[in-house]
Every structure is written in C-alpha cells, then in structure tokens.
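Fold and geometry: a report
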Amino acid sequence: MADHPWRPAAEPPATIETLRESIPALADHTYLNWGASGPSPRTVVEATESALEYHEYEAAGDGMYTVADEIFDVTRDRIANFVGADATEIALTQSTTAGINRIASAIDFEPGAVVVTTDLEHAAGRLPWTRLAERADIEIRVIETEDGRIDQSAAADALEDAQLFCFSAIDWLYGRVHPVSELTDLAHEQNALALVDAVQVPGQHPIDVSAWGADIVAGAGHKWLLGPWGAGFLYVSTAVVDDLEPTQIGYRSVASSSGGTYEFHPDATRFELGTMSPAPFAGLRRAIETIERIGAETIHDRIREHRDRFVAGIEPARLRSPEDGRSGLVTVRDPDPERTVERLAEDSITLRAVPLPESIRLSFHAVNSTRDVDRVLDALDTT
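Residues numbered from 1 in each chain as written. Predicted model: local features only at pLDDT ≥ 70, side-chain atom pairs only at ≥ 80, totals over all residues. Heavy atoms only, no water.

Our next topic: the environment of aspartate 147. For aspartate 147, the position within the fold is in the loop between β4 (138-143) and α6 (152-158). Its relative accessible area of 41% is what places aspartate 147 among the partly exposed residues. Between the C-alpha atom of aspartate 147 and that of leucine 120, which follows or precedes it by 27 residues, the distance is 9.8 Å. Once residues within four sequence positions are removed from consideration, aspartate 147 is found in contact with Tyr174 and Arg176. (Helix = DSSP H or I, 4+ residues; strand = E, 2+ residues; numbered from the N terminus. Buried < 20%, exposed > 50% of the residue type's maximum accessible area, 1.4 Å probe, protein only. Contact = heavy atoms within 4.5 Å.)

What follows is the structure, given as structure tokens:
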C-alpha cells in the first residue's frame, strides 16, 4: 500500500531475479557499466513519475512546496537509515560532484593550507581542489599509488600539516575497496578533515558512514543503487558541521531570514539551496527500498560471485584489479581499448575504457547473470 499519495502502491521486487526482469535495458543487452550509470528498474521509474505527476497535477491544493518538502524529508530519512547516519547529518544534492563542491567552498582554508588527495580520484574528487588552488593560496598534494593501492605510510607523510584529505572508498579505476576507517584515522591524527567520495559504494557494498568515522561523505543514487539521475546526498558529521559555512545560500539553507539577515540551519541541510525537483528523490527512495528489500548483503554476495567467475576465466596477466577484490569493478588490460569497447557495443555488450594505459573496465552488478559473465569472457577472448 502507498503510504503517501505520490508513492506507487506496488511493492518493489523481492529477489535479484525479479529485479533483473524489471529492468527493460537488460532484456536484450549485456550491460556492464554500472560504475558509470545504472539503468533503472520499472519500480524506480514509476516512483519518479508518480511523484512528478502528483506534484504537477494534484499538489497545487496542498501546496507544491509542502508536497516537495514531504518527499525530501522522507527520502532524507531513508538515506540516513541506509548509510548509518542521523537524518540531520544528510543534505540532498544533485550529485557527488555537487556535494564535494559545496564542501570545497565552505571550508575556511588558511593561507598555504594543504589538501591531500590521490591519483585514483574521479574528476569529482579532483577538479574542485584544482580550481581552488588556482584562486587561493592552497597546496594540493597527490598521493601516487601502485596498482591502485594507497600506501598508508605515504599517506601519513602527505598528510603532515594538512587541512583536508579527499579520497574514494572504492576507486573507479581499479575497483579497489580502500580501508576508509584507517585512512580517516590518518587524517584525524593531523587534525585534518576526512572527505570520502563514496559514490561506488551504495547498492553494491554495505555502507555505514558512522563506522567509517569520516567527517564528510558524498554519494549519489544513479550507479549501483539503480536510481534516477539528479539525486545525490551529502553526509556531514554533527562534529564538524558548525565549522563549515557555505558560500552558496538559498531559502533551503537557512533556518530564518528577515530584514537582510539570515541564520544557517544548524545541521547538514545548510548545504541544500533552493527549488529542485522532488521527483528524482522519490525515485532514489524507491531504489533504496528495493535494495533493502532484497538485502544489501545478498546483492553484495552475488556481485562477488560474478566477479570471481570473471576473474577465474580471464587470462591472469590481463587483470589489473586486485585478484581477490571485493567490488564489482574489474579492470583488465586491452591492446586497443576504444576499439574493443566499440566492437563489443556492436554485439550489445556495454563496458568502458578507463584512463589507464591500455585498459578497459567492467562493472558486474547482482542483476547481471552468469550468462552475461560468460558472454563477455568469450568476447574478450577474441580480442
């Protein structure tokens, strides 16, 4: 039953098999690019459409802002429960990039401040600091890695006198699951903030931001969660939120404003700005409900099965990701990545090249099948 008039009554799929059947994009296609974007199941699209239709067709009488706020509030609660946080520690954003940028502009960096990152970061975790260094007296230190492994001794050295450490929980190049808690501890030993790009985690790997101990975590729902584009989240620990003052501001950022004065919300919602569509967030809520109904551990176990099957079938010398890795992202060597991606696309197999020498990346989700794994192994064997 629908608990809100904008929410579809039908229950989401209860098994991996029924979830796969509900994703039209998989009907005649071997899709292996979930690490970029995941095509949504019908239940998510229906929830998104239902919220949009109710908001635009029927909410005028109740107040369109009132209905939108209700959708934002219940989605914020659902995200918080899913990632192990309190709802007051969650801000709704459009993407991981949006969240990291809002943090980058909210920190009061001292002259000569040091920001530490790694050579594994996506543009979302790299460009905001590059831009900041162009406009302010900021030093960017990049930890060089070997085969995607962050050496903790090198990280400790780089973090000396640093103000912020920005790194990925699961990197997008090798798919390595990094020791977030240990890296966070290294940052805190230098009194630096720990900001985690977690976009590759929710939906493929259990997540508990409180256990990580990170100060800030940015993520989004359009990858492994199978949610729609345009719905992300930002976790900001209550321990640090008062030290972060956004430079972007809007009516959703403030607890009060009158006579030209204002007061920011005392929690993470100070990072929300103004009017945004509630529809993607209704879809994100439904996506999380779907993952939770099937079980995050169940999904993670199936992803591991697919990964193990693929790794066992690929020539060992081609593997660039950890052989015993714990994520669905697997990178392999290929002499002509762009051509291989094009050739497999012609055979309805989607994967991608990555900016490593002669490398392609595959992303295995629970909703893939053993046939998908075997099909891409056969295709790559002819490369």
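This paragraph deals with the nonpolar core. The nonpolar side chains of a soluble globular protein tend to be buried with one another. The biggest cluster of nonpolar side chains holds 65 residues, and the ones touching the most others in it are Val83, Val196 and Trp212. Among the elements that take part in this core, helix α3 (residues 64-83) stands out by supplying 6 residues, more than any other. Apart from residues no more than four positions distant in its own chain, tryptophan 212 is found in contact with Ala169, Val180, Ser181, Thr184, Val196, Ala198, Val201, Ile207 and Val217. Counting residues in each nonpolar core, the second largest holds 26 residues, with Ile100, Ile138, Val241 and Leu244 among its members. (Core = buried A, V, L, I, M, F, W, Y, C linked by side-chain atoms within 4.5 Å.)

Moving on to the sheet that holds strand β11 (residues 329-333). Strand order in the open sheet formed by 3 strands is β11-β14-β13, and the pairing between neighbours is antiparallel. In the strand order of this sheet, the two ends are held by β11 and β13 (352-353), each with one partner. With 5 bridges joining them, β11 and strand β14 (residues 359-363) adopt antiparallel strand pairing. Its bridge partner being in β14, threonine 331 is matched across the sheet by arginine 361. (Pairing = 2+ DSSP bridges.)

All right, on to the packing of helix α2 (residues 42-58) against α3 then. One can describe the packing of α2 onto α3 by two numbers: an axis separation of 9 Å at closest approach and a directional angle of 160 degrees. Here α2 lies roughly antiparallel to α3, going by the angle between them. α3 is crossed by α2, and the crossing has right-handed handedness. Residues Ala51, Tyr54, His55 and Glu56 of α2 pack against Met64, Val67, Ala68 and Ile71 of α3. By residue class, the composition of the contact of α2 with α3 is 6 nonpolar, 1 polar and 1 charged. (Axes fitted to C-alpha atoms, helices over the stretch in contact; angles between N-to-C directions. Parallel < 35°, antiparallel > 145°, perpendicular 65-115°, else oblique. Left-handed = near helix turned anticlockwise from the far one by under 90°. Nonpolar A, V, L, I, M, F, W, Y, C, P; charged D, E, K, R; others polar.)

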